[in-house]
Amino acid sequence: MNVAEEIILSPDQVHWLSKEQAWHYRILPKNKSKDRFSLYFDSSHDRTELEAELEILTGLTIQLEPLSTEQVSRLLSKYYLKDNAAQGATQLQAQHQSDDFLITLISEAKNLKSSDIHIEVYESKCRVRIRIDGMMVERYLLKKDEYPALINKIKISANLDIAEKRLPQDGRINFKHQDHQFDIRVSVLPTLYGEKVVLRLLSNDATNIDLYKLGFSENDLENYLQGVKRPTGILLISGPTGSGKTTTLYATLKLLNKETRNILTIEDPIEYTLEGINQVQLKESIGLGFASALRTFLRQDPDVIMVGEIRDPETANMAIRAALTGHLVLSTIHTNSAWGTVSRLIDMKIPPFLVASTLNTTVAQRLVRLLCPACKKQEAFDAKLYPRQFKPYQQVSHHFVPTGCEACYYTGYKGRKAVYEVIPIDQELAIEIKNENMYIQELLRERGVQTLAENAFGLFANGDTSLEEIYPLLFNY
Ligand SMILES: [Zn+2]
């Protein structure tokens, strides 16, 4: 089976087997109906014997589908946490009494460079998952009766109403423990079986963000820095949620942060605090939105303004006005491509001539997971695996595929890198914007602009990532 078709089990599916059954028989659930149960099994085991035994055990007609021993091990470790879960559970009980589980959990997630902790409740159990490099990894299973105390502790720490269980609530915890100090955004959502809690771990420390290490190619970085050095105009970074746009913005602000500059930001949430910069948290409930903050900022004599996101015409309008009146504006926008930003702004009712005269640089970015160096496997590469019509930028005879090991939580990946597409807007491109010309590939090629696809392909050809990871990017070009 191809790795691209990784088997994903839903929590419901996982429940069809107990942990003991799954490990004992080395099986995984596939489909279940009233009288039929289909499962994956380890192909090194005796099929007939297993089938007979499972039919007796379940009283259902059994259908078996083979998987390699390695695959079964990986899936079992992923979905039926064996030793880890047992350890986790006892650890939890031991520490629950001392009320330390929450602190352990948060510290541990932070050490694993996780961005979010999800605490979820189901009919009979609760689980704690953490997001590492964008992927959810199961970490603890809790007994259902251990759950309310944990939720209450979180709510109290975040100044939320513990009696309110029917409405969503949002809060913030300032976490201090040993050498850790950072803010946590807390979101509580009532679900069928109880409240689901998501803790977003915000980094208060931007010291490790370095514009030179995010993933820019040399040429892209040079173009980007030219835009950053211009005293006015709008510099926009586009990409879907979770593509690392904010990190790029913070790295840029760090570079711009000089005593001689007045820098103001309006953010939601403030993910990093930067000394010397005036950061404002968006609070729409009291009328402090991106647009209204921008209006106030303009009376505060700023040099550089960072707006978390341009998502409505009013904010777009204010950002343009700020740029026209001699400020450098940095922001993000939700579009798929760097040039797509132009049409997005025009859609937001900004006249094309104003976009042309203010847009300074437009950037698109994505995050690509890097293969775990401890377990990536080299294989011969067949060009048939590329998306149809895709023309590779160079010949690739061998590539690496993910396998999974303890070091990468059986995901096959470890760490991420940004890929960019940077378009500096010069006079000729400004004219194309004014004319609303969306087909400018030739002009970009003349300027040596590397596309997202080209940059992502570079990581693949270099063996840093897999084809499946960059596949969606190749498809678009
Ligand atoms: Zn690994």
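A. Local environment of the overall build of the protein. A tally of regular secondary structure across the protein gives 17 helices and 18 strands. Compactness check: the protein gives a C-alpha radius of gyration of 26 Å against a globular reference of 23 Å for 477 residues, within 12% of the reference. Dimensions of the protein along its principal axes, counting C-alpha atoms only, are 75 × 60 × 40 Å. Counting across all 477 residues of the protein, residues that qualify as buried make up 48%. Total accessible area computed for the protein in this model is approximately 23,900 Å², and 48% of it derives from carbon and sulfur atoms. Counting 55 positive and 61 negative side-chain charges, the protein places the averaged centre of each group 2 Å from the other.

B. Examining the nonpolar core more closely. Counting residues in hydrophobic clusters, the biggest one holds 58 residues, and the most contacted among them are Trp339, Tyr386, Ile423, Ile425, Ile433, Phe460 and Leu474. Apart from residues lying up to four places away in sequence, Phe460 is in contact with Phe381, Tyr386, Val396, His399, Thr465, Ser466, Leu467 and Ile470.

C. Local environment of unusual backbone geometry. Here the amide bond leading from Asp268 into Pro269 is cis, since omega sits at -5°, within 30 degrees of zero. Locating Pro269 in the fold gives a position in the loop between strand S11 (263–267) and strand S12 (278–281). Phi angles above zero are rare outside glycine, and Asp133 is one such case at about 50°. By secondary structure assignment, the location of Asp133 is in the loop between strand S5 (125–132) and strand S6 (135–143). Non-glycine residue Tyr409 carries a positive phi angle of around 55°.

D. Region of the structure containing the sheet that holds strand S18 (residues 413–424). Reading across from one edge, S12-S11-S13-S14-S10-S15-S18 is the order of the seven strands in this open sheet, with mixed pairing throughout. Whereas interior strands pair on both sides, the edge strands pair on one side only; in this sheet they are S12 and S18. Within the sheet, the average angular offset between the axes of one strand and its neighbour, ignoring direction, is 15°.

E. Structural view of the coordination of the zinc ion. Here the zinc ion is held by the protein donor atoms Cys372 (SG), Cys375 (SG), Cys405 (SG) and Cys408 (SG), which lie 2.3 to 2.4 Å from it. For the zinc ion, the four donor atoms are set out with angles of 105 to 113° between them, so the coordination reads as tetrahedral. Between the donor residues of the zinc ion, the gaps in sequence give the motif C-x2-C-x29-C-x2-C.

F. Local environment of helix H8 (residues 218–229). Look at H8: 16 Å from first C-alpha to last across twelve residues, which is about the 16 Å you get at 1.5 Å a residue. Residues Asp220, Leu221, Asn223, Tyr224, Leu225, Gly227 and Val228 constitute the buried set of H8. Looking at the buried side of H8, the elements it contacts are strand S10 (233–238), helix H9 (245–256), strand S14 (328–333), strand S15 (359–371), S18 and helix H16 (452–461).

G. Structural detail: the side chain of Thr358. Mapped onto the secondary structure, Thr358 falls in helix H13 (residues 352–358). Under the relative-accessibility criterion, Thr358 is labelled buried at 4%. Setting aside anything within four residues of it in sequence, one finds Thr358 in contact with Gly233, Ile234, Ile320, Ala323 and Leu324.

What counts and how
- Residues numbered from 1 in each chain as written.
- Predicted model: local features only at pLDDT ≥ 70, side-chain atom pairs only at ≥ 80, totals over all residues.
- Heavy atoms only, no water.
- Helix = DSSP H or I, 4+ residues; strand = E, 2+ residues; numbered from the N terminus.
- Rg over C-alpha atoms; globule rule 2.2 N^0.38 Å.
- Buried < 20%, exposed > 50% of the residue type's maximum accessible area, 1.4 Å probe, protein only.
- Areas by Shrake-Rupley, 256 points an atom, 1.4 Å probe, with all protein chains shown as cover.
- Lys, Arg positive; Asp, Glu negative; His and termini not counted.
- Charge placed at Lys NZ, Arg CZ, Asp CG, Glu CD.
- Core = buried A, V, L, I, M, F, W, Y, C linked by side-chain atoms within 4.5 Å.
- Contact = heavy atoms within 4.5 Å.
- Pairing = 2+ DSSP bridges.
- Axes fitted to C-alpha atoms, helices over the stretch in contact; angles between N-to-C directions.
- Donors = N, O, S within 2.8 Å, 3.2 Å for Na, K, Ca; no water.
- Tetrahedral: all angles 85-135°; square planar, octahedral: opposite > 155°, others 65-115°.
- Expected span 1.5 Å × (residues − 1).

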